[in-house]
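# Structural overview for review
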Amino acid sequence: MGLTRQPYICAQDLHTGGSLLSQPSVIAETLRSLMSGSPFDAGIPVSRKCIDDLIVAGLGPIFFHTLHYSNLAAEIDKDMKLKASDITSRALTAEQTKHVAAAISRLQGCGIDPILLKGVSFGANYYAEPHLRIMGDVDLLLPPDRIYEAERIFLEDGYQRYQPTSNIDYEHHIHSAPLLHPERQIWIELHRRLLPEEFPASHEPPLDLSTGEQETERFNLGSLSVRRFRPEFELLF
C-alpha cells in the first residue's frame, strides 16, 4: 500500500529545545495543523516569547503557514516577525535550491548520478511548500568508488574540505569530510552508505546500498531531473 505524500515531520522539527517546552501545546497544534491542513486552534494562547522561540528554532515559517489556515496571522503576528521569518526562509530556500541543483548537475555532467537525501528532497516531497523544511546541509548518496572523484570535482569548483577538531575517520565514516563553499555557504556531505558501517543492518536488505539504489524515483529540482528515494523507502530510511 502506497503512502500519501503528507508533510514529513522530522526530528529536527520536533527538537524545540528548552524554553519552547513551556508551551508544548503550541508546538503540538502547529504540527497537527501542518500535517492535516486544518486551522490552528484559535483557543490556544500564544505568548510573544513563544513566537520568538519558534523563530529561533527554525519553526517560524511553519507556524506562520498554519496561522493562514485560520486567518490568525494578523492577530498573532502583530509585529510581523513571523512573516519576516517566512520571507527570509523563502529567499534562502530558493538560493540554496539553485546551488544544490548546480552541484548535482555538475556531478551528472561527469557521469555521477547521486541520490538526494533528506533536506531539499523532503521539502519538495512532503511539505506544503519547500521553504517550510529548513535545510542545514546537502546530503548526496554516491557509489563508494565515486566519492573521491566527486570530492575532487567540488574542490575544483571552490568548495573547501572542513577540518574537524574531532578525530573522525572519514575514510570509514558514513560520509566523507564535509565540504563548504565559502561564498555560497552551502555544505555538502557525500555519503557512501545509508547507515554506519558498524550497524549490521547496513550490510543487508532493506537498508544496504544496493537495495537503496533500486528504491529511487526522479523528480524535478527546478529544471533538473534528480534522483531521490521513493516515499516508502525514504520513510524507512
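Higher on the page you've got the structure.
Residues numbered from 1 in each chain as written. Predicted model: local features only at pLDDT ≥ 70, side-chain atom pairs only at ≥ 80, totals over all residues. Heavy atoms only, no water.

## Some points on the overall build of the protein
How we decide: Secondary structure elements are defined from DSSP: runs of H or I of at least 4 residues count as helices, runs of E of at least 2 residues count as strands, and each element is numbered from the N terminus. Burial here depends on accessible area, computed with a 1.4 Å probe over protein chains only, as a share of the maximum for the residue type. Under 20% is buried, over 50% is exposed, and the range in between is partly exposed. Contacts between residues were defined by any pair of non-hydrogen atoms, one from each residue, lying within 4.5 Å. Areas reported here follow the Shrake-Rupley algorithm with a probe of radius 1.4 Å; residue values treat only the protein chains shown as occluding.
Helix and strand content of the protein: ten helices and seven strands. The proportion of buried residues among the 237 residues of the protein is 47%. Considering only contacts in the protein between residues 6 or more positions apart, those separated by 24 or more positions represent 61%. Split by element, the accessible area of the protein, about 11900 Å² in all, is 56% carbon and sulfur.

## Looking at the nonpolar core
Cut-off, in case you're wondering: Here, the term nonpolar core denotes a set of buried Ala, Val, Leu, Ile, Met, Phe, Trp, Tyr and Cys residues that are joined through side-chain atoms within 4.5 Å.
Counting 25 residues, the largest nonpolar core has Leu116, Leu140, Phe154, Ile188, Leu190 and Leu221 as the members making the most contacts within it. Breaking this core down by element, the ones donating at least two residues are α6 (81-109), β2 (138-141), α8 (147-156), β5 (186-191), β6 (216-221) and β7 (224-229). With five residues, α6 is the single largest residue contributor to this core. Sequence-distant contacts of leucine 116, defined by excluding residues within four places in its chain, comprise Val100, Ile104, Ser121, Val138, Asp139, Leu140, Phe219, Leu221, Val226, Arg227 and Arg228. Listed in part, the 23 residues of the second largest apolar core include Ile51, Leu72, Ile76 and Tyr126.

## So, the packing of helix α2 (residues 24-36) against helix α4 (residues 60-67)
Rules: Angles here are taken between N-to-C directions and fall from 0 to 180 degrees, while the axes themselves are lines fitted to C-alpha atoms, restricted in helices to the stretch in contact. Left-handed describes a crossing whose near helix is turned anticlockwise from the far helix by less than a right angle; the clockwise case is right-handed. Charged means Asp, Glu, Lys or Arg here, nonpolar means Ala, Val, Leu, Ile, Met, Phe, Trp, Tyr, Cys or Pro, and polar covers whatever is left, Gly included.
Look at α2 against α4: their axes get within 9 Å of each other, and the N-to-C directions meet at 65°. The two elements α2 and α4 meet at a crossing, and its hand is left-handed. For the pair α2 and α4, contact is made by Val26, Thr30, Ser33 and Leu34 and by Ile62, Phe63, His65 and Thr66, respectively. The residue inventory of the contact of α2 with α4, partitioned by class, reads four nonpolar, four polar and no charged.

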